[in-house]
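# Survey of secondary and tertiary structure
Letter by letter, the chains look like this.
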Amino acid sequence: MGARTPGFQSIQLTQARLARGLTRVALATAVKRSAPTVSKWESGQQTPDPDALNALAQALRVPRDFFLNTAFEAGERPRFFRSMANATKRSRERIQQHLLWLQRISHDLQQWVDLPEPDVPDLGGPDFQLLQERDIEEAASRVREHWGLWRAPIPDMLLVMENAGLVVGRCSFSAPSIDGVSHWSLADDRPYVLLSSDKRTAVRSRFDAAHELAHLVLHRHVDQSALTQRDEFKELESQAHRFASALLMPADGFVNEFSEISLEAFRTLKPRWGVSIGAMIYRCKDLGLISEEHAGRLFKYISARGWVRAEPEDERLLVEQPRLMERSMRLLLTQGGFSVEHLLAQLRLNPKDIEALAGLPAGMLSHRREQVAMLPTPKLKNGAASDRRAAVVPFPGRDLEARSGHNGASPGFGPGPSPHGSA
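Because the structure is a prediction, the values reported are computed rather than measured. (Residues numbered from 1 in each chain as written. Predicted model: local features only at pLDDT ≥ 70, side-chain atom pairs only at ≥ 80, totals over all residues. Heavy atoms only, no water.)

## A word on the packing of helix α1 (residues 10–19) against helix α3 (residues 35–43)
Helix packing for two helices is described by the angle between their axes and how far apart those axes are. As a packed pair, α1 and α3 sit with axes 6 Å apart at the nearest point and diverge in direction by 120 degrees. By the angle between their axes, α1 is oblique relative to α3. Each of S10, L13, T14 and R17 in α1 lies in contact with α3, whose residues at this interface are W41, E42 and S43. Taken together, the residues that form the contact of α1 with α3 break down as 2 nonpolar, 3 polar and 2 charged. (Axes fitted to C-alpha atoms, helices over the stretch in contact; angles between N-to-C directions. Helix = DSSP H or I, 4+ residues; strand = E, 2+ residues; numbered from the N terminus. Parallel < 35°, antiparallel > 145°, perpendicular 65-115°, else oblique. Contact = heavy atoms within 4.5 Å. Nonpolar A, V, L, I, M, F, W, Y, C, P; charged D, E, K, R; others polar.)

## Some points on the environment of H241
Structurally, H241 can be placed in helix α9 (residues 230–248). Residue classification places H241 among the partly exposed residues on the basis of a relative accessible area of 35%. Considered as a pair, H241 and F207 are 34 residues apart in the sequence and their alpha carbons are 8.4 Å apart. When residues no more than four places from it in sequence are discounted, the contact partners of H241 are R82, F207 and H211. (Buried < 20%, exposed > 50% of the residue type's maximum accessible area, 1.4 Å probe, protein only.)

## Examining the pairing of strand β2 (residues 167–171)
Within β2, 5 of the 5 residues are buried, which leaves it mostly tucked inside the rest of the structure. A two-sided burial pattern is seen for β2, the buried positions comprising V167, G169 and C171 on one face and V168 and R170 on the other. Relative to strand β4 (residues 190–196), β2 runs parallel, the two being bridged by 5 bridges. Residue pairing across strands places V168 opposite V193, the latter belonging to β4. (Pairing = 2+ DSSP bridges.)

## Focus: the pattern of salt bridges
Within the structure shown, the criterion is met by 19 salt bridges. D189 is the salt-bridge partner of R77, the closest N and O atoms lying 3.6 Å from each other. On the criterion of sequence distance, the pair formed by R77 in the loop between α4 (50–60) and β1 (80–81) and D189 in the loop between β3 (180–185) and β4 is long-range, its members being 112 residues apart. For D189, a relative accessible area of 47% translates into the label partly exposed. The structure contains a network of salt bridges with shared partners spanning E133, E137, R242 and R283. (Salt bridge = Lys/Arg side-chain N within 4 Å of Asp/Glu carboxyl O.)

## Re the packing of aromatic side chains
Summed over the entire model, instances satisfying the criterion amount to 8 aromatic pairs. On the basis of an interplanar angle of 80 degrees and a centroid distance of 5.4 Å, the ring pair of F258 and F266 is categorised as edge-to-face. An aromatic cluster is defined as three or more aromatic residues linked by ring pairs; in this entry it consists of F8, F66, F67 and W101. When the ring centre of W184 is taken as origin, the NZ or CZ atom of R220, which lies over that ring, is 3.9 Å away. (Phe/Tyr/Trp six-rings, centres within 6.5 Å; stacked < 30°, edge-to-face > 60°. Lys NZ or Arg CZ within 6 Å of the ring centre and 35° of its normal.)

Below you can see the structure in the form of structure tokens.
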């Protein structure tokens, strides 16, 4: 028997394989071993020899010590996939592993940086099937009130969510039928949202984020089995869609801005409210402003104008980007006593995966000579970097931002790490 690898974690191999969307047969071919051998590695019956470990690391694009890292568990609360019914099992498994990597990155960073405490209302109740449309409208209104959003448009949906302690990430899903996934992690009792970065328009991405937030607000206690039942899953998605619409277009603020119901009016209001023309038509129908027949005519006009694939303003409106993970890592690299090498040694993931999930500029970790820009706002307390534990002064809090009427959307402000305490 050849040399083996002490400390090899078989679950890490399985997770990396699923994250890359490979079958055991495909991985076996890539590393020039048999499929039964790969199965034995994943079951823990055997461990790979050093040459095989190198081959696995290369094929799965992870560092060698990834396989020596202890398994990370985020708990078995439901993971809500937007459009999950239309997605393949392999796609869901791959995206779920990237969500798990985002959660692990966040969990590791919280050793050195305090993130905003989660502040997401729990408004769903024990049985989601009892929720009526009026309950969902009320839930969206209560979230707006709780976060100080009131009746105004939301300038930056992701910033609002991160201010409330959610960790948001993006990556390429390579699965057109999946737009996002959300999960409340038991590892740190924190909500997470992972959104697709595959050619999404700004308005679609904002709606996806609000949709995932709906699951975290309304469906926190749903049993996983409901996601496998077609009718129950359809109802969950319908409720999340209604909540997202009500959150982004509150009845008592959105309606007051219409002088008439027309495509030109929708086109004018689109940049202000950050929602698609199609979403505005549906919202007007839900609020009883137009009939279903009127809505149908408007959608025919949209089709006639060629707006089905690309609406006006889509090219001009910028897709919102997460900030929390990116700012935390920049803080550690610029003021926390961390080098890129030390940070990568702690996280044990492919630098490009970290960059994508955390919203870092491409090359910031994978091209180690690239200079890291300094953040203008956070500062470390005196002596806080002595043992690599980062601490920062707080960013302006949500209460201050709500009083300003922007909820943290002003330039230069946003969610950031709070004081960690003395090092």
